[in-house]
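# Summary of the model geometry
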Amino acid sequence: MQLKILSLPGDGIGPEVTAEAEKVLECVATRFGHHLELTRGHIGGAALKAEGTPLSAATKRAASAADAVLLGAVGMPEYDRNAPAERPEKGLLDLRKELAVYANLRPVKAYPSLVGASPLKADRIEGTDLLIVRELTGGLYFGTPRGIDGKHAFNTMAYTADEIERVARIAFELARSRRGKVTSVDKANVLETSQLWRQVVTEVARDYPGVELEHLLVDNAAMQLVLAPRRFDVLLTENMFGDILSDEAAVLAGSIGVLASASVGARREDGKLPGLYEPIHGSAPAIADKGVANPIGAVGSVALMLEWSFGLRDEARAIDAAVSRWLDDGPLTADLGGTASTSQAGDALCAWIRTAHRTPS
Ligand code: IPM
Ligand code: MG
């Protein structure tokens, strides 16, 4: 298969972890006989530096023309005083909008070998296996009017029924192939957008009789995530709540460095599913350029890419198996108490992938 991928390493540790993700992608392509057509571009602070804008028109075009986009991270403290349109983060938000990837999937698992790495008690988090489905192109992040006018600043939280329905359908579809439960998180006791959210999600649920639906208010959901994380299977929520809850959920996994994400939209006319794949962690400027960042979130994002955008299950499984083995045997990076460099971790993964097997069909 031809794999046409645009890589946007971005800022901070983004380039370091993306280099390992690309390395793994190359190993998978070699092992399984695919042709990798990889191009690179700038996003975020790196794009501000190179092109004067956080996401150039040319990069947008390249992203739309690719089958999938691999992204590192965006954001650097030196740009913190920039106007919103000239911040690195704006590049990522524009890219999500450009690709119309409205559903952000963030799987969170308590890997047995990492249970001790979490500050939470083992008996609380053992067995946790949840999937956050975060709406990604609406809500407060994009609503207008927005602005700042002297001592008055304002943002708008807005949702249409269609925006809610399409992301809810993805959550229910996914729940069907998991444990059959959707927890929809909102703030319906206060917000009109949440009242519509609850109503639409309840209607969508009627099409999925095998899936159980529960509604949870976001403040309670934040507490339940650390009190009783095993109660969650698919957690469906709007953009801002999803942003916050997914960082909280990362604590369950032991390190935010191991978490991956996929952002997908509607299938294109040619049958392809556009996708943006990125680790959940940020640019981590404090450890950038030291070669110590954990590349597993980026590598796991490649597995999600192979599965979602290309339908390559064996290839995705080969990566997942290598990741599990790495978590058990190392060599681990500093966030997990080890001393391995980012590239040593990538090399270990590649060595295992080179001997991975294809499932006989
Ligand atoms: C995330 C990040 C982004 C977001 C930032 C970098 C704009 O925190 O992907 O969770 O808020 O969506
Ligand atoms: Mg976030």
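No experiment lies behind these values; they were computed from the predicted model shown.

What counts as what
Residues numbered from 1 in each chain as written. Chains lettered and ligands numbered in written order. Predicted model: local features only at pLDDT ≥ 70, side-chain atom pairs only at ≥ 80, totals over all residues. Heavy atoms only, no water. Domains from an automatic or database assignment. Contact = heavy atoms within 4.5 Å. Buried area = accessible area lost by both parts, 1.4 Å probe. Salt bridge = Lys/Arg side-chain N within 4 Å of Asp/Glu carboxyl O. Helix = DSSP H or I, 4+ residues; strand = E, 2+ residues; numbered from the N terminus. Nonpolar A, V, L, I, M, F, W, Y, C, P; charged D, E, K, R; others polar. Polar contact = N/O pair within 3.5 Å; in protein donor to acceptor, adjacent residues only side chain to side chain. Disulfide = S-S within 2.5 Å. Buried < 20%, exposed > 50% of the residue type's maximum accessible area, 1.4 Å probe, protein only. Expected span 1.5 Å × (residues − 1). Near = heavy atom within 4 Å. Areas by Shrake-Rupley, 256 points an atom, 1.4 Å probe, with all protein chains shown as cover.

### Details of the domain arrangement of the protein chain
Domain boundaries assigned for the protein chain yield domain 1 (1-101 + 274-361) and domain 2 (105-259). Between the C-alpha centres of domain 1 and domain 2 the distance comes to 23 Å. Taken together, the contact between domain 1 and domain 2 spans 18 residues of the former and 19 residues of the latter. Carbon and sulfur atoms supply 70% of the area buried between domain 1 and domain 2, which totals about 1,700 Å² over both sides. It is Arg-96, Ile-280 and Leu-327 that lose the most area in domain 1 upon contact with domain 2, and together they represent 35% of the buried surface on that side. Seen at the junction of domain 1 and domain 2, the total is zero salt bridges. Looking at the side of domain 1 that touches domain 2, the elements that each hand over two or more residues are α4 (88-99), α10 (296-308) and α11 (313-329). Tallied by class, the residues present in the side of domain 1 that touches domain 2 amount to ten nonpolar, four polar and four charged.

### With respect to the environment of Lys-4
One can find Lys-4 in strand β1 (residues 2-10). Remark: the alpha-carbon pair of Lys-4 and Arg-96, spanning 92 residues in sequence, is separated by 18 Å. A polar contact is formed between the side chain of Lys-4 and the backbone oxygen of Ala-65, at a distance of 3.4 Å.

### Observations concerning the state of the cysteines
Counted by the stated rule, this structure contains one disulfide. Between the sulfur atoms of Cys-27 and its disulfide mate Cys-350 the distance is 2.3 Å. In this structure, the disulfide formed by Cys-27 and Cys-350 twists by about 105 degrees around the S-S bond and is classed as right-handed. Residue Cys-27 is located in helix α1 (residues 14-32), and its partner Cys-350 is located in helix α12 (residues 342-353); the two are separated by 323 residues in the primary sequence. Of the two residues, Cys-27 and Cys-350, neither departs from the other in class, the shared state being buried.

### Regarding the side chain of Ser-194
Summarising the element assignment, Ser-194 is placed in helix α7 (residues 192-205). Judged by relative accessible area, which is 3%, Ser-194 ranks as buried. Within the structure, Ser-194 has its side chain in polar contact with the backbone nitrogen of Lys-187 (distance 2.8 Å). Apart from residues no more than four positions distant in its own chain, Ser-194 is found in contact with Asp-186, Lys-187, Ala-188 and Phe-241.

### A few points about helix α6 (residues 161-176)
With 16 residues, α6 extends 22 Å from end C-alpha to end C-alpha; this agrees with the ideal 22 Å at 1.5 Å per step. Restricting attention to buried positions, one finds in α6 the residues Glu-163, Ile-164, Val-167, Ala-168, Ile-170, Ala-171, Phe-172, Leu-174 and Ala-175.

### With respect to the site of ligand 1
Around ligand 1, the neighbouring residues are Glu-89, Arg-96, Arg-106, Arg-134, Tyr-141 and Asp-243. Between an oxygen atom of ligand 1 and a side-chain N or O atom of Arg-96, the distance comes to 2.7 Å. The separation between an oxygen atom of ligand 1 and a polar side-chain atom of Asp-243 is 2.8 Å. Contact with the protein chains removes 77% of the 320 Å² of surface that ligand 1 exposes when unbound. Residues belonging to the shell around ligand 1 are distributed by class as follows: one nonpolar, no polar and five charged.

### Section: unusual backbone geometry
Between Thr-144 and Pro-145 the backbone carries a cis peptide bond, its omega angle lying at 0 degrees. As for its placement among the helices and strands, Pro-145 is situated in the loop between β5 (129-135) and β6 (147-149). Looking along the chain, the bond that leaves Gly-330 and enters Pro-331 is cis, with omega of 5 degrees. As for its placement among the helices and strands, Pro-331 is situated in the loop between α11 and α12. With a phi close to 55 degrees, Ala-100 is a non-glycine residue in the positive phi region. Of note, Ala-100 is situated in the loop between α4 and β4 (103-109). Even without being glycine, Ala-284 reaches a positive phi, approximately 40 degrees. Structurally, the position occupied by Ala-284 is in the loop between β12 (275-279) and α10. Of the residues examined, Ala-284 reaches a relative accessible area of 31% and is grouped as partly exposed.

### Considering the pattern of salt bridges
For the coordinates displayed, the defined rule picks out 23 salt bridges. Note that Lys-23 and Glu-20 form a salt bridge whose closest N and O atoms lie 2.7 Å from each other. Taken together, the residues Lys-23 and Glu-20, both in helix α1 and three residues apart, mark about one turn of the helix. Lys-23 gets classed as partly exposed once you look at its relative accessible area, which sits at 23%. Overall, Glu-20 belongs to the buried group, its relative accessible area being 6%. In this structure, Arg-87 and Asp-80 form a salt bridge, with 3.5 Å as the shortest nitrogen-oxygen distance. For Asp-80, a relative accessible area of 46% corresponds to the partly exposed category. One salt-bridge network, held together by shared partners, links Asp-129, Arg-178, Arg-179 and Asp-233.

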